[in-house]
Amino acid sequence: MRKKIVATTSLAGCFGCHMSILDIDLRLVDLIELVEFNRSPITDIKKISKRCDIGLIEGGICNDENYHVLKEFRENCEVLVSVGECAIMGGLPALRNNIPIRECFEEAYRNVPTSKSGGGIIPNDDELPIILDRVYPCHELVKIDYFLPGCPPRADLIWETLLALVTSGAELPYELVKYD
Amino acid sequence: MPGQVTFTIDGKECKAQEGQTIVEAARANGIYVPTLCYSKYVENPVGACRSCTVKINGNNGAACINRVQEGMNIQVYTRQLEDMRKAIIEALFVEGNHFCPACEKSGDCELQAAAYRYRIMAPRFPYRFPSRHIDFSPKHLVLEHSRCILCQRCVRKIRTEDGKKVFAYHHRGAKGTVEIDPEIARTMPEELAREAADICPVGCINFKGKGFDRPIGTRKYDKEP
Amino acid sequence: MAKVAGDDAVKAETASILAGYPADRSELINILWELQDRFHHIPKAAIPLAAQKMGISQVDVMETITFYHFFTTAHTGEYTVYLNNSITSRMAGFQKIRDAFEKEAGCSFGETDKDGRIGLFETSCIGMCDQEPSALINGMPFGSLTPFSVERLVKGMREGKSVLELMGVGQDLSSDPHKLARFIAPPNIRRKGPVLLGVGYNMGESIRSALKHKPGEIIDLIKNSNLRGMGGAGFPTALKWQFCASAKGDEKYIVCNADEGEPGTFKDRVLLTEWPARVFEGMAAAAYAVGARQGYLYLRAEYRYLTPHLQRTLDELRKENLLGNSILGKSGFDFDISIRLGAGAYVCGEESALLESLEGKRGEPRNRPPFPVVVGFRGKPTVVNNVETFSLVAQIIKYGGTWFNTLGTAKSVGTKILSVSGDCGRPGVYEVEWGRKVEDLLKMFDAGNAKALQIGGPSGKTISARETARKVCFEDLATGGSMIVFGQERSMPDVAQNFIDFFAEESCGACVPCRAGNPILSDLLKTIREGRGLPEHIDQMVEWANMIKASSRCGLGQSSPNSILTSIEKFKDEYMDRIKKERGALIYDFDIKAAMKESCEVTGRTPSSH
């Protein structure tokens, strides 16, 4: 059997979901037998280099770079999975979604206690990604095939799901699917 | 037996007291009808959430407000009804701002439990991210309106000693909110405030100084809905 | 800044207003109207006093205030303009009028000008669809607005003219409420029929005829006429009365539903302007039949300007002893009628919501059963019928049920008054026999260029003008009377958007499918109209619309998606035309530039740099 090729990325997330992937512990060894990782923080490959079978997306879309990466994944992965609350509904970054963006910037860079009083600037270097008006759930911008809720999703859930995707379908137990 | 009626739920013959609502009668016969706005501790069921919608002699109706009658034919678990209930719960998730990881009620939340029951992975509707306020002003309570599902349990149940409403429904449509009386909020006894927090199915009405008091795995809906 | 009364002054005036009312919650809406009129908003300082008077909490008073569109907690200007944003207004040039108001008044819609003199707001249909674009200014309807007339109106407001002066009403008119009402909103009767619009009426004839019968015989008479309620649902009137008559109760009530809020209808406006006494006689006949002593006319706020005319009619009826104690000498037949106002809420046209509103509460429909005929106003058996039904009752009692029965079709007897508006040469009211074909009607309305017809308003059906053989009657196209004609050049998805937005705004918010579902439908339709939709979005709309229909708590939610469903069914091409992508597209349309705009403005960057 050909090894399935897996790509993963963290967009507007905290890498907690990736930690949870690592949290499958020794089963990682089994996983390596079943899959080959392509672009991923785990391999440190920065660009998808060949067609992938499974893409795991952590985090929502909060800036233009996130959006381009999401599109790259959608274009190159057969199956795309939203991993974690942020990918599914924006998560904690989306707490800003009903606050005007100017207020967010002012609060984060100017009025924050650690900034020099009245002195801080709002970062505007061209190298920085441009923040979007709100944080978007991935499935509102591209087609997402599966969702793994949780903050982070339980390691067992990730394991069961990967196993199911790589081999055949399996019923996910109640205890695994949680939103927090 | 006098006052007893016979009816069927999904083809199973059931008996219950005349005058009981379908929800009560079904539960008395060991059949669970999913509910959210209904609570056995709150009188005057209102039929607000519609998640208990069943087919009553072929017509849709909320099981919490319709009463059993002799010979009634009730359907609870059809594919169409179950999908409708799921959609209603999904609609509630996108209508408010339900950041489960950041909510004190997570794990004990009835909305969450309903979503777990239906294995909702992501809602079919787009998120709306409404702008809703947080009310810190009450003496004993914090109201997190982002999480309110407008079930009106508090509106119906919580009254002052002289029978005045403590909570009321303000505005209408998508702008609807449940607000607390500013005067009573300052003076209400702790017991009444606790009752309000307990009756709230979600994390909207919170008792000040309480939260995240049990670890994950030991909360109400961690193991089963 | 406008002269805003200080808290003490507000309290003093509120106290004097409250002193004129009993401590009865059902008076709350009348009280709030007085406050709104006096202060152009409901001042915060007035709320504890009103709460104390009613013996309820402040939050409870606010529950009523915030429910109704015309009650505000922010100042709405000494001249409050409510411009109708319903589809008929939009077709007649709403946007131009809106722009003209903003330009002349120097403020945007949703706010007042800087000196608090003029406030600009939008509202849904005000019952002037035959004279669009139209607006209410301090409760008075101004029809057929043009940018020029807007300029003149705003100038007049700056000069401090009264609303009647703005309208150009002279002394001769203002002394005669009937003539004045006709001047304010011309009746526009286009077709007189054999039952209501084309028949002479003499005050008292119906009550005199009624008193020749026993109460039970009146119900039989109505039963023999096969009269059905004219609100749209078509419930047999006699049956309703029968239930109420046999319900136990020491008191019973008759309520006339004059809350015709369905966009596109304005026939009750005409019936109340031209023959108000006939409506009241119909109510009196109902009172006689079921044994009620008190009646209420629940008048929609948009028709408030009719109040003086209606009050004078009631006075005349009382003078003739057609209302009051021992009517026409019949001992034991005591009946009187009061006018109660709505305050801007479409859902209050639903009879149980209307009763809640009449009790001074928010107009949230009740769960049924029990039905109002058993548990109605103040928990007592109550008959609720609309203006047209009571008008018909008066005629049937006068001319007999058999006469009425010969008109119309088997299941829809008599005639129906249609309110006709939109793209046609002859907008106005038409009395036609039930069962007329769409083909005849379109000719009658001078609607040769029609593409579609909205039957029964937004909650009704969209049909194609090609469905010429269909008939207006309960057997085929049931309607409460609203008929909106859409010409070939109109976009049906745009029409559907206006309708669904109306329901999203008017939903009482009690149940989830209607409250959360209609905004979802609105968003999705917007996505499609803006060219960002996928073919499957149309299927989703249909699926979700059907769910809202199937699970909503009251008629509003159950009928709110009707126009989207029928519009998609009849004009799917127009929806598909807006869709550019293939079914199953993996990357959806997303305007990243628009999403970056705001943050680029704040940081001074250009979106093109990425």
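Everything quoted here is computed from the prediction, not taken from an experiment.

Parameters and conventions
- Residues numbered from 1 in each chain as written.
- Chains lettered and ligands numbered in written order.
- Predicted model: local features only at pLDDT ≥ 70, side-chain atom pairs only at ≥ 80, totals over all residues.
- Heavy atoms only, no water.
- Helix = DSSP H or I, 4+ residues; strand = E, 2+ residues; numbered from the N terminus.
- Rg over C-alpha atoms; globule rule 2.2 N^0.38 Å.
- Buried < 20%, exposed > 50% of the residue type's maximum accessible area, 1.4 Å probe, protein only.
- Areas by Shrake-Rupley, 256 points an atom, 1.4 Å probe, with all protein chains shown as cover.
- Domains from an automatic or database assignment.
- Contact = heavy atoms within 4.5 Å.
- Buried area = accessible area lost by both parts, 1.4 Å probe.
- Salt bridge = Lys/Arg side-chain N within 4 Å of Asp/Glu carboxyl O.
- Polar contact = N/O pair within 3.5 Å; in protein donor to acceptor, adjacent residues only side chain to side chain.
- Pairing = 2+ DSSP bridges.
- Core = buried A, V, L, I, M, F, W, Y, C linked by side-chain atoms within 4.5 Å.
- Axes fitted to C-alpha atoms, helices over the stretch in contact; angles between N-to-C directions.
- Arc of directions from axis to C-beta.
- pLDDT = per-residue confidence, 0-100.
- Lys, Arg positive; Asp, Glu negative; His and termini not counted.
- Parallel < 35°, antiparallel > 145°, perpendicular 65-115°, else oblique.
- Left-handed = near helix turned anticlockwise from the far one by under 90°.
- Nonpolar A, V, L, I, M, F, W, Y, C, P; charged D, E, K, R; others polar.
- Phe/Tyr/Trp six-rings, centres within 6.5 Å; stacked < 30°, edge-to-face > 60°.

K.L.:
So what about the overall build of chain C? Which residues, and what values?
P.N.:
Each helix and strand counted, chain C has 27 helices and 17 strands in total. For 610 residues, the compact-globule formula gives about 25 Å, and the C-alpha radius of gyration of chain C, at 25 Å, lands near that figure. Along the first, second and third principal axes, the C-alpha set of chain C runs to 90 × 65 × 45 Å. Burial analysis of chain C (610 residues in total) assigns 63% to the buried set. Here chain C has roughly 22000 Å² of accessible surface; of this, 49% comes from carbon and sulfur atoms.

K.L.:
Go over the domain arrangement of chain C, please, and point to the residues and values.
P.N.:
All names here are of chain C. Here chain C is described as being made up of domain 1 (7-67), domain 2 (79-168), domain 3 (191-405), domain 4 (417-489) and domain 5 (493-576). Here domain 2 and domain 4 have C-alpha centroids that lie 29 Å from each other. The interface of domain 2 with domain 4 comprises five residues on the first partner and nine residues on the second. For the pair domain 2 and domain 4, the summed buried area comes to about 430 Å², and 80% of that belongs to carbon and sulfur atoms. Here domain 2 is connected to domain 4 by zero salt bridges. Inspection of the region where domain 2 meets domain 4 yields zero residue pairs in polar contact (both at pLDDT 80 or more).

K.L.:
Give me the interface of chain B and chain C: which residues, what numbers.
P.N.:
At the junction of the two partners, chain B supplies 42 residues and chain C supplies 39 residues. For the pair chain B and chain C, the two sides together bury roughly 3100 Å², of which 54% comes from carbon and sulfur. For the pair chain B and chain C, the number of links is eight salt bridges. When the shortest N-O distance is used, the salt bridge between Glu543(C) and Arg124(B) registers 3.8 Å.

K.L.:
Break down the sheet that holds strand 10 (residues 205-207) of chain B for me, citing the residues and quoting the values.
P.N.:
Sheet strands line up and pair through hydrogen bonds in the backbone, either parallel or antiparallel. Residue and element names in this part refer to chain B. Taken together, three strands build an open sheet; the order of strands is 6-7-10 and the sheet is antiparallel. Every other strand in the sheet has two partners, leaving strand 6 (134-135) and strand 10 as the edge strands with one partner each. Of the pairings in the sheet, the one linking strand 7 (residues 141-144) to strand 10 comprises three bridges and is antiparallel in character. Considered in strand 10, the bridge of Leu143 is made with Ile205.

K.L.:
Could you give an account of the nonpolar core, naming the residues involved and the relevant values?
P.N.:
Counting residues in hydrophobic clusters, the biggest one holds 175 residues, and the most contacted among them are Phe101(C), Trp241(C), Ile254(C), Phe335(C) and Phe445(C). If you tally residues by element for this core, the top one is helix 15 (residues 276-290) of chain C, at eleven residues. The residues touching Trp241(C), leaving out its near neighbours within four places in the chain, are Ile218(C), Ile219(C), Ile222(C), Ala285(C), Ala286(C), Ala289(C), Val290(C), Val383(C), Asn385(C), Phe390(C) and Val393(C). In terms of nonpolar packing, the next biggest core, distinct from the first, is built from 135 residues, Leu132(A), Leu172(A), Leu176(A) and Ile205(B) among them.

K.L.:
How would you summarise the sheet that holds strand 7 (residues 253-258) of chain C if you had to cite specific residues and measurements?
P.N.:
Residue and element names in this part refer to chain C. With respect to topology, four strands assemble into an open sheet ordered 9-8-7-10, the strand pairing being parallel. One side of each edge strand has no neighbouring strand; the edge strands of this open sheet are strand 9 (336-341) and strand 10 (382-386). Ignoring which end each strand starts from, the neighbouring axes of this sheet average 20 degrees apart.

K.L.:
Residues and numbers for the interface of chain A and chain C, please.
P.N.:
Each side of the interface is counted separately: chain A has 27 residues, and chain C has 19 residues. Across the interface of chain A and chain C, roughly 2100 Å² is buried in total on both sides, 66% from carbon and sulfur atoms. One can count one salt bridge joining chain A with chain C. Close ionic contact of Asp126(A) with Arg605(C) constitutes a salt bridge, the shortest N to O distance being 3.6 Å.

K.L.:
Let's hear about helix 5 (residues 101-110) of chain A: which residues, and what values?
P.N.:
Burial in helix 5 of chain A covers these residues: Ile101(A), Cys104(A) and Phe105(A). Viewed along the axis of helix 5 of chain A, the buried residues span an arc of 95 degrees, placing them on a single side of the element. Where helix 5 of chain A is buried, its residues touch strand 6 (131-136) of chain A together with helix 27 (592-603) of chain C.

K.L.:
Could you give an account of the pattern of salt bridges, with specific residues and numbers?
P.N.:
Considering all chains together, one arrives at 80 salt bridges over all chains under this definition. One salt bridge in this structure joins Asp156(A) and Arg27(A), with 2.9 Å as the shortest N-O distance. Within this pair, whereas Asp156(A) is found in helix 6 (residues 155-166), its partner Arg27(A) is found in helix 2 (residues 27-34), the two being separated by 129 residues in sequence. Residue Arg27(A) is classed as partly exposed on the basis of its relative accessible area of 25%. For Arg172(B), the salt bridge goes to Glu506(C), with nearest N and O atoms at 3.2 Å. Separated into two different chains, Arg172(B) in the loop between strand 8 (167-170) and strand 9 (177-180) and Glu506(C) in helix 21 (residues 492-506) make up a pair that spans both. Glu506(C) shares its class with Arg172(B); the two are buried. A cluster of three or more residues bridged by salt bridges with shared partners is formed by Glu467(C), Arg470(C), Asp476(C), Glu569(C) and Lys570(C).

K.L.:
Give me the lowdown on the pairing of strand 1 (residues 4-9) of chain B, citing residues and values where you can.
P.N.:
All names here are of chain B. Taking every second residue as pointing to the same face, the buried face of strand 1 carries Val5, Phe7 and Ile9, while none of Gln4, Thr6 and Thr8 on the other face is buried. The pairing of strand 1 with strand 2 (residues 12-17) spans six bridges and is classified as antiparallel. The residue of strand 2 that forms the bridge with Ile9 is Lys12. Between the end of strand 1 and the start of strand 2, which pair antiparallel, lie two residues, with Asp10 showing a positive phi angle near 45 degrees. Note that strand 1 and strand 5 (residues 73-75) share two bridges and pair parallel. Its bridge partner lying in strand 5, Ile9 is registered against Ile74.

K.L.:
I'd love a proper account of the confidence of the model for chain C, names of residues and values included.
P.N.:
In the predicted model, chain C carries a mean pLDDT of 94, and 99% of its residues have values of at least 70. In the predicted assembly, ipTM is 0.94 and pTM is 0.94.

K.L.:
Which residues make up the side chain of Asp181(B), and what values do they have?
P.N.:
Locating Asp181(B) in the fold gives a position in the loop between strand 9 and helix 5 (182-187). Arg186(B) is the oppositely charged side chain nearest to the buried, salt-bridge-free Asp181(B), at an N-O distance of 7.3 Å. Only 3.0 Å separates the side chain of Asp181(B) from the backbone nitrogen of Ile184(B), close enough to count as a polar contact. Leaving out residues up to four positions away in the same chain, Asp181(B) has contacts with Val166(B), Ser57(C), Gln58(C) and Val59(C).

K.L.:
Quick one: what's the story with the packing of helix 21 of chain C against helix 22 (residues 512-529) of chain C, residue by residue and with numbers?
P.N.:
All names here are of chain C. Across the interface, helix 21 lies against helix 22 with an axial gap of 9 Å and an inter-helix angle of 155 degrees. When the interaxial angle is binned, helix 21 and helix 22 end up roughly antiparallel. Where helix 21 crosses over helix 22, the two elements pack in a sense that is left-handed. In contact with Pro493, Asp494, Ala496, Gln497, Ile500, Asp501, Phe503 and Ala504 of helix 21, helix 22 contributes Asn518, Pro519, Leu521, Ser522, Leu525, Lys526 and Arg529. Residues of the contact of helix 21 with helix 22, tallied by class, amount to eight nonpolar, three polar and four charged.

K.L.:
I'd like a rundown of unusual backbone geometry, residues and numbers included.
P.N.:
Put simply, Glu132(C) and Pro133(C) share a cis peptide bond, and its omega is -10 degrees. With respect to the secondary-structure elements, Pro133(C) resides in the loop between strand 3 (118-123) and strand 4 (135-137). In this model, Asp25(A) sits at a positive phi of 55 degrees, which is unusual for a non-glycine residue. Note on placement: Asp25(A) falls in the loop between helix 1 (16-22) and helix 2. Positive phi values are uncommon outside glycine, yet Leu150(B) reaches one of about 55 degrees. Counting through the fold element by element, Leu150(B) comes out in the loop between strand 7 and helix 4 (153-157).

K.L.:
Kindly report on the packing of aromatic side chains, identifying the contributing residues and their values.
P.N.:
Residue and element names in this part refer to chain C. Under the criterion given, the structure shown has 24 aromatic pairs over all chains. Measuring from ring centre to ring centre gives 4.8 Å for Tyr346 and Phe502, while their planes differ by 70 degrees; the resulting arrangement is edge-to-face. Of the two residues, Tyr346 sits in the loop between strand 9 and helix 17 (351-358) while Phe502 sits in helix 21, which places them 156 residues apart along the sequence. One aromatic cluster in this structure is built from Trp33, Phe67, Tyr68, Phe70, Phe71, Tyr82 and Phe121.

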